[in-house]
Every structure is written in C-alpha cells, then in structure tokens.
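Chain by chain, the residues run as shown.
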Amino acid sequence: MNGFFAALKSEMFIARHTHSSKLIVIAPALIIILQNLLLWVTTTGQEARDNLLGNTSFDEVVSTNAYGYFVDSMSTGLTILGLLLTAQAAYSFSYERDTGLVRHLLIRRVSRAALMLAKLAYLHLLALISFVVSLIAAYLFSGMFWEFGPIVEDGFELISEADILAEINTGLQLAMAPFPAAIAFGLLVSVCSQSATQAITTALGVTLAVDIFKSMLGDYANFLYARFQPSLIDASYLQDVSRIVRGYSDVLVEEEVLQMNLWVPIPAVIIFLVVIFFAIHRKNI
C-alpha cells in the first residue's frame with residue numbers, strides 16, 4: 001500500500017515520544033507484580049494460621065504451587081491489556097485527526113488504507129511486546145513466592161508438569177486470539193467518532209457493556225469475540241485453566257467451544273476492517 005512504511009515510521013516515532021505506549025507495555029506487568037505481592041502476603045498469613053491449628057487440606061497443597069498463581073497473573077494482565085489496547089486504538093486515529101497529524105500524513109501521499117494498516121501493525125506489535133513483558137513478570141514473581149511443579153497429594157501425582165504446561169500454552173493461545181478483533185473494534189470506533197474523548201468513552205463503554213451482558217446471552221455469546229477474551233467478568237478458557245492446573249477435575253469444556261474461540265474472532269476482524277476501510281474513505285478529514 002502506498003505510504004505504509006512512512007505511516008508505520010510515524011507510529012514508531014510517536015510511540016517513542018509519548019507515555020501511552022509505554023503505559024500499555026508496563027502497566028499489565030506492574031499490576032501482575034502487585035497482585036502476586038498481595039497474594040503472597042495473604043497466603044503466607046493463612047498458611048501460618050493453618051499450621052498453628054494443625055489444619056492440612058488439598059487446598060493447602062494447591063496454594064504452594066506457582067502454576068495456579070502464574071495463570072491468575074496472566075489472566076489479570078491480559079484483562080488490563082485488552083482494555084488498554086481498545087482504548088489506545090480508539091484514541092490513536094481520532095486524536096491525530098483532531099490535531100491535524102492525519103492530514104499532514106495524507107499530504108505526504110500516505111493513503112488512508114495504508115495509514116489504517118500501519119496503525120493495526122503498530123498496535124499488534126505493542127500487544128506482543130506487552131504480552132511478553134507480562135509473561136516474564138508473571139513467571140518471575142510467581143516463581144519467587146511459590147514453587148513450580150506437578151500437583152501431588154499423598155504421594156499421588158494428580159497432574160504432571162508437562163500436562164500443566166500444555167494446558168497453560170493452550171489457554172494463553174486462546175486468550176490472545178480475540179485481541180486482533182478488540183484492536184480492530186477500537187480503530188473502527190476511532191474512525192466513526194467525532195472526537196478522541198468520544199472514541200475512548202464509546203469503545204470502553206461498549207466493551208464493558210458486552211462484558212456485563214454476555215452471560216445473559218447463553219450459547220449465543222459464543223458468537224461474540226469478547227466472550228473468549230480475559231475480562232473483568234471472565235468467561236475465557238484461561239479461567240478454566242486456572243482450576244485445571246490446580247488439580248481440580250470438575251472442569252469440563254466442550255471442544256466445540258474451544259474451536260469457536262479460535263474461529264469466531266476471524267470474521268469479526270474481517271467485518272471490522274471492511275467497515276473501517278469503507279468509513280475512512282468517506283470520512284472528511
């Protein structure tokens with residue numbers, strides 16, 4: 001596309017000189033660190049009380065395993081990351097349009113389609129960097145306070161470390177699958193809104209509203225990409241993984257739901273992109 005690399009270079013330059021991009025990279029990791037610190041204080045106090053009272057249970061065995069806390073950390077981090085990316089996507093084009101930067105890029109022969117593709121590429125790169133930073137923070141701080149290993153009770157291995165890692169890998173892949181759709185949705189709102197403030201409030205408002213009401217839709221919620229994304233009211237597979245890696249055997253997830261987790265975000269992205277390209281060419285900038 002004409003001017004794609006020029007637009008992408010502009011996105012990188014803006015990222016280096018603004019705080020919003022840095023916030024998206026480090027904020028989820030900081031929340032993860034704080035969460036683990038608070039959980040360690042809480043669980044340490046609980047374990048001390050149980051030892052004094054002579055209480056031992058399966059929950060005590062589970063509470064010392066780091067994998068459960070690692071999954072919880074990633075669930076929290078991805079929830080924060082999803083909201084931040086949606087807000088940033090909604091903010092990016094609308095703010096640059098308000099300040100005249102978009103007009104400047106178009107004058108430099110950057111096509112509107114290339115501009116939107118550059119923003120998509122940049123936001124996906126930002127999401128990937130933030131995910132890696134969150135992954136490192138979750139692993140380091142979970143391992144610092146607890147011990148990674150299989151779930152063992154009375155000498156019997158309930159779930160091996162290899163199985164735990166396989167479930168976590170699947171859970172993280174499925175949790176990240178809806179993120180391209182969330183980014184595209186934010187950009188769509190950005191293009192259609194009249195101002196940056198309106199874009200952010202609309203994007204976050206719709207996202208939170210869907211999160212609240214998705215449980216009322218029953219099986220129809222499986223046709224929404226947001227159903228599978230880690231959120232404040234979490235219904236993602238990563239939430240189930242949190243129980244699986246703790247050795248609980250009452251977790252049942254249908255294979256059809258996992259397949260929809262992979263495929264539903266794809267048509268959502270395509271639809272959002274088609275509407276974005278249609279709207280951007282009709283938009284008076």
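Residues numbered from 1 in each chain as written. Predicted model: local features only at pLDDT ≥ 70, side-chain atom pairs only at ≥ 80, totals over all residues. Heavy atoms only, no water.

**Q** Go over the pattern of salt bridges, please, and point to the residues and values.
**A** By the definition in use, this model includes five salt bridges. Taking the shortest distance from any N to any O, the salt bridge between Lys 119 and Glu 11 comes out at 2.7 Å. Of the two residues, Lys 119 sits in helix α6 (residues 112-145) while Glu 11 sits in helix α1 (residues 4-16), which places them 108 residues apart along the sequence. With a shortest N-O distance of 2.9 Å, Lys 214 and Asp 211 are connected by a salt bridge. The residues Lys 214 and Asp 211 share a single accessibility class, namely buried. (Salt bridge = Lys/Arg side-chain N within 4 Å of Asp/Glu carboxyl O. Helix = DSSP H or I, 4+ residues; strand = E, 2+ residues; numbered from the N terminus. Buried < 20%, exposed > 50% of the residue type's maximum accessible area, 1.4 Å probe, protein only.)

**Q** Give a detailed account of the packing of helix α4 (residues 66-99) against helix α9 (residues 196-213), specifying residues and quantitative values.
**A** At a closest axis distance of 8 Å, the pairing of α4 and α9 adopts a crossing angle of 155 degrees. In terms of orientation, α4 lies roughly antiparallel with respect to α9. Pair α4 / α9 crosses with right-handed handedness. Of the residues in α9, those in contact with Leu 83, Thr 86, Ala 87, Ala 90, Tyr 91, Ser 94, Tyr 95 and Asp 98 of α4 are Ala 196, Ala 199, Ile 200, Ala 203, Leu 204, Thr 207 and Leu 208. Classifying every residue of the contact of α4 with α9 gives 11 nonpolar, three polar and one charged. (Axes fitted to C-alpha atoms, helices over the stretch in contact; angles between N-to-C directions. Parallel < 35°, antiparallel > 145°, perpendicular 65-115°, else oblique. Left-handed = near helix turned anticlockwise from the far one by under 90°. Contact = heavy atoms within 4.5 Å. Nonpolar A, V, L, I, M, F, W, Y, C, P; charged D, E, K, R; others polar.)

**Q** Now, about the packing of aromatic side chains: what can you tell me, with residues and values included?
**A** Here the structure, examined in full by the defined rule, presents 10 aromatic pairs. A ring pair is formed by Tyr 69 and Trp 146, whose centres lie 3.8 Å apart and whose planes are at 10 degrees; its orientation type is stacked. With a gap of 77 residues between them, Tyr 69 in helix α4 and Trp 146 in the loop between α6 and β1 (151-153) connect regions that are remote in the sequence. The two residues Tyr 69 and Trp 146 agree in class, both being buried. (Phe/Tyr/Trp six-rings, centres within 6.5 Å; stacked < 30°, edge-to-face > 60°.)

**Q** Give me the lowdown on the nonpolar core, citing residues and values where you can.
**A** Generally speaking, a soluble globular protein has its nonpolar side chains buried in company with each other. Counting 66 residues, the largest nonpolar core has Met 74, Leu 78, Ile 168, Tyr 225 and Leu 238 as the members making the most contacts within it. Take this core: its biggest share by element is 12 residues, from α6. With residues near it in sequence (within four places) discarded, Leu 78 still touches Phe 131, Leu 172, Ala 175, Met 176, Phe 179, Pro 230 and Leu 238. (Core = buried A, V, L, I, M, F, W, Y, C linked by side-chain atoms within 4.5 Å.)

**Q** Could you give an account of the packing of α4 against helix α7 (residues 161-176), naming the residues involved and the relevant values?
**A** The N-to-C vectors of α4 and α7 enclose an angle of 5 degrees; their axes lie 11 Å apart at closest approach. Accordingly, the angle class assigned to the pair α4 and α7 is roughly parallel. Here Tyr 67, Phe 70, Val 71, Met 74 and Leu 78 of α4 come into contact with α7, specifically with Glu 161, Ile 164, Leu 165, Ile 168, Leu 172, Ala 175 and Met 176. Looking at the contact of α4 with α7, its residues break down into 11 nonpolar, no polar and one charged.

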